[in-house]
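# A structural walkthrough
Letter by letter, the chains look like this.
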Amino acid sequence: QQPVQSPQAVILREGEDAVINCSSSKALYSVHWYRQKHGEAPVFLMILLKGGEQKGHEKISASFNEKKQQSSLYLTASQLSYSGTYFCGTDETSGSRLTFGEGTQLTVNP
Amino acid sequence: DTGVSQNPRHKITKRGQNVTFRCDPISEHNRLYWYRQTLGQGPEFLTYFQNEAQLEKSRLLSDRFSAERPKGSFSTLEIQRTEQGDSAMYLCASSLWDRGPFFGQGTRLTVV
């Protein structure tokens, strides 16, 4: 069953913050976050393993609450280059299939 | 590091024809995945290999689809007797164990 992402779309002005959520009904081993721009391949952002860790990459960070099977992606001081569709992919075992959500379309305007 | 390479980038075929796609993963990666993506949707898992062994195949995958990864290097995905519903972007990805995976640029298939 695919994870549920929210919101479906968000529009920001440059410099604003955003949070994208990913929720699963199943126990998860890991959550993977990707950004995809139109006509391009999904780009790997980060992986979060069960254990509630939080990871960061410049101004993009994420957390994973394994008790709630929820992950959140935090984008701070957004840049124009952050525009795209963000997907979470969930893994119930270890490194096999990822099940992707329907994506969150993020638009950053000047 | 040249990334995951997929060929061809685009393929137009007539319904009923067979098509084959190739994927060259990142060289040190032991896992290779095939996904399919249609417009407005997230990637959908098709199958995955660890080295040369095909370890999992989606139950949604028709018998018309077959994938190989000889010698644990490049992989091919073949679709026999293509149907219009097979039109999609076919994405290959690779990883070193569970770190990633990293996607290639995809092969866009159009069945007419």
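Further up the page is the structure itself.
Before going into details, it helps to say that this report is about the structure given with it. (Residues numbered from 1 in each chain as written. Chains lettered and ligands numbered in written order. Predicted model: local features only at pLDDT ≥ 70, side-chain atom pairs only at ≥ 80, totals over all residues. Heavy atoms only, no water.)

## Some thoughts on the interface of chain B and chain A
Across the contact, 22 residues belong to chain B and 19 residues belong to chain A. Across the chain B/chain A interface, buried area totals approximately 1,700 Å², and carbon plus sulfur atoms make up 52% of it. At the boundary of chain B and chain A, one finds 1 salt bridge. R97(A) is paired through a salt bridge with E56(B); the nearest N and O atoms lie 2.7 Å apart. Where chain B meets chain A, there are 6 residue pairs in polar contact (both at pLDDT 80 or more). Going through the elements one at a time, strand 4 (31–37), strand 5 (44–50), strand 6 (53–57) and strand 10 (99–103) of chain B are the ones with two or more residues in the side of chain B that touches chain A. Counting residues per element, the side of chain B that touches chain A draws most heavily on strand 10 of chain B, which supplies 5 residues. Partitioning the side of chain B that touches chain A into residue classes produces 9 nonpolar, 8 polar and 5 charged. (Contact = heavy atoms within 4.5 Å. Buried area = accessible area lost by both parts, 1.4 Å probe. Salt bridge = Lys/Arg side-chain N within 4 Å of Asp/Glu carboxyl O. Polar contact = N/O pair within 3.5 Å; in protein donor to acceptor, adjacent residues only side chain to side chain. Helix = DSSP H or I, 4+ residues; strand = E, 2+ residues; numbered from the N terminus. Nonpolar A, V, L, I, M, F, W, Y, C, P; charged D, E, K, R; others polar.)

## Brief notes about the pattern of salt bridges
Residue and element names in this part refer to chain B. Counting across every chain of the model gives 5 salt bridges over all chains. Residues D24 and R22 are paired through a salt bridge, measuring 2.8 Å at the closest nitrogen-oxygen approach. Relative accessible area serves as the criterion here: at 34%, R22 is assigned to the partly exposed category. E83 is the partner of R64 in a salt bridge, and the nearest nitrogen-oxygen pair spans 3.4 Å. (Buried < 20%, exposed > 50% of the residue type's maximum accessible area, 1.4 Å probe, protein only.)

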